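Geometric and topological summary
Here is how the chains run, residue by residue.
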Amino acid sequence: MKTLKDFNFENKKAIIRVDFNVPLNGKLEVTDATRIQAAKSTIIDILEQGGSCVLMSHLGRPKGFQEEFSLRHIVKSVVDVIGCNVKFVEDCIGNKVEEAVANLEAGEILLLENLRFYEEEKKGDVAFAEKLSKFGDIYVNDAFGTAHRAHASTTIIAQFFEENKCFGNLLAREIESIDKVLNNSERPVLAILGGAKVSSKITVIENILDKVDHLIIGGGMSFTFVKALGGKIGNSICEDDKMELALAILKQAKQKGVEIHIPVDVIAADDFSNDANTKILDINEIPDGWEGVDAGPKSREIFDTVANQCKTILWNGPLGVFEMESFAGGTIALGHSIDKATRNGAFSLVGGGDSVAAVKQFGFAEKVSYVSTGGGAMLEMLEGKTLPGIDAILK
Ligand code: AMP
């Protein structure tokens, strides 16, 4: 796996695919610079070696040129985070860019305009990728969030750099972290899958059954399993058409020696709202008019015990409707359990959409071993897929 360490960037121009797809408010100001922060180490390493950085990214889903999606709006944030001047060019291909790249000196940063102003980017157009490739001596991919897309700047471009291509520090760390969980893990290994639906996680479950010793199935998806096993789930969310599959998964787990842990009790609510009436119920005995919205106290205790028996922990998906304060307790308790396990030497990886939002919201981001930056990309890696953006560097 080639990384920055395999190159000397002195007097070289690095063309770096970063993920600066950051949220902006109504005044077009960056409201969360985490993704810019995540690219900092790669940029600094290259600058310190005497190289220069040409940064390319997408922002949002523009249809052709749309001013509100211009990367111009994020320049100030990039300057604040990286701590040095950033030049901006209002296109990502063409004469203006060629000129700006030619004038770029060692130690300087140039940010190109939003790649997705050209539909060729998402189409993975080879000619467009070749034009981008002219702006650097070495191609660095540091955008994990788009590594599962075979777009021009994330994948296709790599073919124009035979040997001169590598992973940036962020992408390398993402790959290493997932590898540490799936392939080079210290056992016992625990995966916690929560969230709303079984259907969105089936391929993940099937792939990780070969890799883990314990699997906690929590959140909304647990009710499909409970109902399939004959429990009464009241109005809890359930995918009836996935019940057979749920039973098949349980059978497979048994054959593979994986211990499955489903909540035994729940916080049930009489309405899907933060100020609903609630009570603690056995997960198999939820009456009509009530729905399970969070893991109950006994379940939290069981999950705590399991987490603290394990040396490797993967967490994807909340244990309840954590967006509502009244139903966030199970997810917070799990965060504390993983924090404790991590302090006792376990390796813990949190990734995939909502669980990342949850760990950040509840202050666990610094307490787990690694928080992944890519939602869809992370899920595809957990499904056992080879991501095109990663493959293109390895080839
Ligand atoms: P996912 O994107 O599949 O990880 O699902 C995350 C969503 O699952 C969050 O928005 C949670 O509110 C939701 N969720 C978790 N537990 C439940 C539950 N018991 N009932 C309904 N939704 C839930």
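Structure's up top.
As a further point, take the packing of helix α10 (residues 297-307) against helix α11 (residues 329-343). Running from N to C, α10 and α11 point in directions that differ by 20 degrees, and their axes come no closer than 9 Å. With respect to α11, the axis of α10 lies roughly parallel. Relative to α11, the crossing made by α10 is right-handed. Taking contact as the criterion, the partners of Arg300, Asp304 and Ala307 in α10 are, on α11, Gly329, Gly330, Ala333, Ser337, Lys340 and Ala341. Among the residues making up the contact of α10 with α11, the classes are represented as 3 nonpolar, 3 polar and 3 charged.

All right, on to helix α2 (residues 75-82) then. The periodicity of an α-helix, 3.6 residues per turn, causes residues three or four places apart in sequence to face the same way. Every buried residue of α2 is listed here: Val75, Ser77, Val78, Val81 and Ile82. For α2, the angular spread of buried residues about the axis comes to 160 degrees, placing them on one side. More than 90 degrees from the buried face of α2, the exposed residues found are Lys76 and Asp80. Against the buried residues of α2 lie α1 (34-48), β3 (87-89) and β4 (109-112). Once α2 finishes, Gly83 follows within two positions and takes phi at roughly 85 degrees, a positive value.

Turning next to the environment of Glu68. Examined against the element boundaries, Glu68 turns out to sit in the loop between β2 (52-56) and α2. On the basis of relative accessible area, Glu68 is assigned to the partly exposed category, the value being 39%. The spacing of Glu68 and Gly26 is 42 residues in sequence and 9.6 Å in space, taken between C-alpha atoms. With sequence-adjacent residues up to four places away left out, Glu68 is seen in contact with Leu24, Leu28 and His73.

What counts, and where the lines are drawn
- Residues numbered from 1 in each chain as written.
- Predicted model: local features only at pLDDT ≥ 70, side-chain atom pairs only at ≥ 80, totals over all residues.
- Heavy atoms only, no water.
- Axes fitted to C-alpha atoms, helices over the stretch in contact; angles between N-to-C directions.
- Helix = DSSP H or I, 4+ residues; strand = E, 2+ residues; numbered from the N terminus.
- Parallel < 35°, antiparallel > 145°, perpendicular 65-115°, else oblique.
- Left-handed = near helix turned anticlockwise from the far one by under 90°.
- Contact = heavy atoms within 4.5 Å.
- Nonpolar A, V, L, I, M, F, W, Y, C, P; charged D, E, K, R; others polar.
- Buried < 20%, exposed > 50% of the residue type's maximum accessible area, 1.4 Å probe, protein only.
- Arc of directions from axis to C-beta.

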